[in-house]
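Observations on the three-dimensional arrangement
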Amino acid sequence: MAKDDVLTPQAVDFPRWYQDVLAKAELADNGPVRGTMVIRPYGYAIWERMQSQLDDRIKATGAQNAYFPLFIPESYFRREAEHVEGFSPELAVVTHGGGKKLEEPVVVRPTSETIIDSFLAKWVQSYRDLPLLVNQWANVVRWELRPRLFLRTTEFLWQEGHTAHATQEEAHRYALQILREVYEDFMVRVLAIPVVVGRKTERERFAGATTTWTAEAMMRDGKALQMGTSHELGQNFAKVFGISFSDESGQQAYAWQTSWGASTRLMGALIMAHGDDAGLRLPPSLAPVQAVVVAVRTEDGVGETAERLVAELRSAGLRAELDTRTQLSFGRRVVGWELKGVPIRVEMGPRDLAAGTAVLYRRDDGTKSPVALPSLVEEVKRLTEVAQASLLDQARQRLENCTVPAATLEEAVEAAQAGFAALPAALIEGGAGEDRLNTAGVTVRALQRPDGTLPGPDESLAGLVAVAARAY
RNA sequence: CGGGAAGUAGCGCAGCUUGGUUAGCGCGCAGCGUUCGGGACGCUGAGGCCGGGGGUUCAAAUCCCCCCUUCCCGACCA
């Protein structure tokens, strides 16, 4: 009866499993140009929920959305030395337009610091104009040598925030506010993915930033994934783009800036942090379908009851869907819903109807239980909350289990084969230690204080912990 | 961009070594019937520029060259 595996098992070949899920859960396809991606409707529905949750949090920090051009004069990139050095290798450059060679090539934005800052320079005159907080939702292009759907594509979707502040302290606080109240909160409460937040090492920080803050998550194959970053840019860009203002005493001063972003890579994280051998497991907060009512049959009132249940679930505010495709076998249908990660399945058949019950299946733990019809809506509601918490718990458990202290670089390399290695950051002072890790395919993902709190921007490595891992 | 593997129906594959009539198989898809509580079964049927372009040959999915794309490992990165 049962066929072969629905998907390549994770333990057999994790990358293959990932490919299988993308295809079978109808999330995404490769585009015809290397590194490009088609996000299919089901995948995009998940992304839209991510966007909306992030957008609310971004706006709650006071930032407003705006839109800046896709094309940026190449010369803009040359103005900030580290920035141009960091991005040159991955720029897509347009040299022709309207059938003619362009006087100055234009770059397809890989990130928008340069173009946005050139406008912030016009808009900021006085300390009264500050802080100036803008965000944009956009596509960006970074020519990738080794693309992977959602994780690293040449074109991807993201939000990028760009801000200007009167003081370094305020920029610092805002960068951390984004890290904590936007990214970490979203990742934990919505994605149900626990993250390691910390500071990036000098070599891992954003090109042109003075400090980069990061939120890193652990995937089920033991590799880490950077989920979002928040940068303090100091006055580097303000000086080259002329973002200056009169302060309260009438003195001219350069603004202090931040920038921060999170991308469609979050989709990859969602898939790889929660997915199992049966497919996706979506947290109810993001699931396009939170509960599917599967009618085993449709005759003798079963179909009508199923329909009524969907209506009740919907009027209770749940995203519910009806499945009456009885021309397909029951098994095929449930396998399909499991592939797509639907958190709760309600099974309604003649036996249930006779007993006045329905069977509830939880995708997060695979358990089934009967429920009396009158309390079905309340129970489904409750289970969506339980499932949301359960996915987070499971991910937390895995994170704890695979985070191992290491006393030496060799121990760290060893521990990083299966998760996070926590080593004394003193070991990587000077760069030789990081070289050693990098040679073994391991990178320092984040620096933290021993108690897990965030270090200061300039706090020396001596007393910190470096969290290292193999990473995507 | 280096090293490996691979592109044949929507998906997974055989055929290629040793060129030779209408290019196969499984799944899926369509129709009909029997089924129906964890990927049902039978019958009938549709679906292919054999990744693209050049060559060699009487003849190319098959041999040669170039390009594109995908996957794995490395260097570079959200």
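As the structure is a computational prediction, the values presented were derived from the model and not from experiment. (Residues numbered from 1 in each chain as written. Chains lettered and ligands numbered in written order. Predicted model: local features only at pLDDT ≥ 70, side-chain atom pairs only at ≥ 80, totals over all residues. Heavy atoms only, no water.)

This paragraph deals with the sheet that holds strand E6 (residues 100–108). In space, the three strands of this open sheet follow the order E4-E6-E5, with antiparallel pairing throughout. Looking along the sheet, the strands with just one partner apiece sit at the ends: strand E4 (71–73) and strand E5 (92–97). Put simply, the sheet's adjacent strands are angled 50 degrees from each other on average, direction ignored. Across five bridges, E5 lies against E6 in antiparallel orientation. (Pairing = 2+ DSSP bridges. Helix = DSSP H or I, 4+ residues; strand = E, 2+ residues; numbered from the N terminus. Axes fitted to C-alpha atoms, helices over the stretch in contact; angles between N-to-C directions.)

In the region of RNA strand B, 46 residues are neighbours, and Arg146, Arg152, Thr153, Arg265 and Asp352 sit closest. Between RNA strand B and the protein, one listed contact pairs a phosphate oxygen with a side-chain N or O atom of Arg34 at 2.9 Å. Interatomic distance of 3.0 Å between a side-chain N/O atom of Arg297 and a sugar or linking oxygen of RNA strand B. Those elements giving two or more residues to the surface near RNA strand B turn out to be helix H1 (14–24), helix H10 (330–339), strand E17 (344–348), helix H11 (350–355) and strand E18 (357–362). Per-element accounting of the surface near RNA strand B gives the leading share, six residues, to H10. Considering only residue class, the surface near RNA strand B consists of 17 nonpolar, eleven polar and 18 charged. (Near = heavy atom within 4 Å. Polar contact = N/O pair within 3.5 Å; in protein donor to acceptor, adjacent residues only side chain to side chain. Nonpolar A, V, L, I, M, F, W, Y, C, P; charged D, E, K, R; others polar.)

As a further point, take the layout of surface pockets. It is the rolling of a water-molecule-sized probe over the atoms that shows where space remains empty. Its boundaries defined by the atoms lining it, the largest pocket holds a volume of some 1000 Å³. Around the largest pocket sit 38 residues that line it, and Glu90, Arg142, Arg152, Gln226 and Arg265 are the ones nearest its centre. Listing elements by their share of the lining of the largest pocket, those giving two or more residues are helix H4 (81–87), strand E8 (155–165), strand E11 (224–234), strand E14 (256–263) and strand E22 (443–448). In terms of residue class, the lining of the largest pocket is made up of twelve nonpolar, 14 polar and twelve charged. (1 Å grid on protein atoms, 1.4 Å probe; cavity = no way out; pocket = protein on both sides within 12 Å on 5 of 7 lines; lining within 4 Å. Points joined across faces, edges and corners; volume = space filled by probe spheres on them.)

Summed over all chains, the structure comprises nine aromatic pairs. A ring pair is formed by Phe68 and Phe119, whose centres lie 6.2 Å apart and whose planes are at 55 degrees; its orientation type is tilted. Taken as a pair, Phe68 in the loop between strand E3 (64–65) and E4 and Phe119 in helix H5 (residues 113–123) lie far apart in primary sequence, 51 residues in all. A relative accessible area of 4% places Phe68 in the buried class. Through a chain of ring-to-ring contacts, three or more aromatic side chains come together here, namely Phe68, Phe119 and Trp123. The cationic tip of Arg79 hangs over the ring face of Tyr76; the distance from NZ or CZ to the ring centre is 4.7 Å. The ring of Tyr472 has Lys223 lying over it, and the distance from NZ or CZ to the ring centre is 4.5 Å. (Phe/Tyr/Trp six-rings, centres within 6.5 Å; stacked < 30°, edge-to-face > 60°. Buried < 20%, exposed > 50% of the residue type's maximum accessible area, 1.4 Å probe, protein only. Lys NZ or Arg CZ within 6 Å of the ring centre and 35° of its normal.)

Looking at chain direction, strand E15 (residues 291–295) and strand E16 (residues 320–323) are connected through four bridges and run parallel. The partner of Val294 across the bridge, within E16, is Asp323. Handedness of the β-α-β unit built from E15, helix H9 (residues 302–315) and E16 comes out right-handed. (Right-handed = clockwise from strand over helix to strand, strands pointing away.)

Locating Thr357 in the fold gives a position in strand E18. Those residues in contact with Thr357 that sit more than four places away from it in its chain are Met348, Asp352, Val371, Ala372 and Leu373. (Contact = heavy atoms within 4.5 Å.)

Applying the stated rule across the entire model yields 26 salt bridges. Note that Asp55 is salt-bridged to Lys59, the shortest N-O span being 2.5 Å. Residue Asp55 and its partner Lys59 are both found in helix H2 (residues 41–60); the two are separated by four residues, about one turn of the helix. Looking at Asp55, the relative accessible area reads 13%, which means it is buried. (Salt bridge = Lys/Arg side-chain N within 4 Å of Asp/Glu carboxyl O.)

A separate point is the domain arrangement of chain A. Put simply, an interface is often sized by how much accessible area is lost when its parts join up. Split by domain assignment, chain A resolves into domain 1 (14–274), domain 2 (291–386) and domain 3 (403–469). The distance between the C-alpha centroids of domain 1 and domain 3 comes to 25 Å. At the junction of the two partners, domain 1 supplies 22 residues and domain 3 supplies 25 residues. Here domain 1 and domain 3 share three salt bridges between them. For Arg203, the salt bridge goes to Asp435, with nearest N and O atoms at 3.1 Å. Across the contact surface, domain 1 and domain 3 share eleven residue pairs in polar contact (both at pLDDT 80 or more). When residues of the side of domain 1 that touches domain 3 are traced back to their parent elements, those giving at least two are helix H6 (168–189), strand E9 (196–199), strand E10 (211–218) and E11. Tallied by class, residues from the side of domain 1 that touches domain 3 come to eight nonpolar, seven polar and seven charged. (Domains from an automatic or database assignment.)

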